[in-house]
Amino acid sequence: MTRKQQGLPQAFAEFIRHPTPWMLVAWVAALLAARLAVGGWSIVDTAIAVALVAFSPVGEWLIHTGILHWRPRTLAGVTIDSRLARDHRRHHRDPRDIPLIFIPWPSLIVIIAGLTPLAFVAFGNPGKGLTFVLTIATFLVFYEWIHYLVHTDYKPRHAIYRAVWRNHRYHHFKNERYWFTVTTAGTADRLLGTYPDPREVPSSPTVRNLHAPTATG
């Protein structure tokens, strides 16, 4: 499925037609309700949220390189290849296919089921644990929206978003070995050495076919 979006209202109308945003918003709402019920807010909650937001570009980079760009491996006759990695390869083959832009909903169920219990065991305090997981869930809503928007035909109108848009477009249409951050303009890429001058980077023959036999490096 492809689309032609021009403005933010049209892009948003398409965004909310897909299940993942609703799943994430429902998760955020449930966590927020639980956090408000628990109470006991302190400066530690702010510190947790700020630390997670500050770490998020590096987290994006690690997930993108280590999970989404995972090369299938065979161990004892068993191929290790996650749904996230398989769908990400399909996403690279057709960056304009809308459903492939989103976190696969079966994988999101696993993420929600895996992270939610942390709210009750992390920090030895349910309130602080809920703040931790709530911040992650809220960031994932932001991530889904930005990643989706970059892949629509909505044209950047402001410098900050234009830089984010350009960064991710380089990853998909220039060379898949660089520019791994999605919601920021190369923050973690600069830190971790994957933010070269695009004028000095050759176009990759495997940018649409990850891990093809002709890939090098």
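Residues numbered from 1 in each chain as written. Predicted model: local features only at pLDDT ≥ 70, side-chain atom pairs only at ≥ 80, totals over all residues. Heavy atoms only, no water.

- Under the annotation held in an unreviewed UniProt entry, the protein chain carries the name Fatty acid hydroxylase and is attributed to Mycolicibacter engbaekii.

Topic: the layout of surface pockets
Next, step 1: Of the volumes computed, that of the largest pocket is approximately 730 Å³.
Next, step 2: Forming the boundary of the largest pocket are 29 residues, of which G59, E60, I63, F139 and L140 lie nearest the centre.
Next, step 3: Among the secondary structure elements, those contributing two or more residues to the lining of the largest pocket are α3 (43-68), α4 (83-93), α5 (105-115) and α7 (126-150).
Next, step 4: Here the lining of the largest pocket is composed, by residue class, of 19 nonpolar, seven polar and three charged. (1 Å grid on protein atoms, 1.4 Å probe; cavity = no way out; pocket = protein on both sides within 12 Å on 5 of 7 lines; lining within 4 Å. Points joined across faces, edges and corners; volume = space filled by probe spheres on them. Helix = DSSP H or I, 4+ residues; strand = E, 2+ residues; numbered from the N terminus. Nonpolar A, V, L, I, M, F, W, Y, C, P; charged D, E, K, R; others polar.)

Here we look at a nonpolar patch on the surface
Next, step 1: Together, F12, I16 and W22 line one region of the surface with nonpolar side chains, adding up to about 310 Å² of accessible area.
Next, step 2: Positionally, F12 belongs in helix α1 (residues 8-15). (Patch = residues over 30% accessible without salt bridge, like charges linked within 9 Å, V, L, I, M, F, W, Y side chains within 5 Å. Areas by Shrake-Rupley, 256 points an atom, 1.4 Å probe, with all protein chains shown as cover. Salt bridge = Lys/Arg side-chain N within 4 Å of Asp/Glu carboxyl O.)

Regarding the packing of α1 against α7
Next, step 1: At their nearest, the axes of α1 and α7 sit 11 Å apart, and the two run at 120° to each other. With respect to α7, the element α1 is oriented oblique. Where α1 crosses over α7, the handedness of that crossing is right-handed. Across the interface between the two elements, L8, A11, F12, E14 and F15 from α1 touch E144, W145, Y148 and L149 from α7. (Axes fitted to C-alpha atoms, helices over the stretch in contact; angles between N-to-C directions. Parallel < 35°, antiparallel > 145°, perpendicular 65-115°, else oblique. Left-handed = near helix turned anticlockwise from the far one by under 90°. Contact = heavy atoms within 4.5 Å.)

Some thoughts on unusual backbone geometry
Among all residues save glycine, negative phi is the norm, and among peptide bonds the norm is trans.
Next, step 1: Look at F123: it is not a glycine, yet its phi comes out positive at around 65°.
Next, step 2: Note that F123 resides in the loop between α6 (118-121) and α7.
Next, step 3: The phi dihedral of W179 is positive, around 60°, even though this residue is not glycine.
Next, step 4: Taking relative accessible area as the criterion, W179 reaches 1% and is therefore assigned buried. (Buried < 20%, exposed > 50% of the residue type's maximum accessible area, 1.4 Å probe, protein only.)

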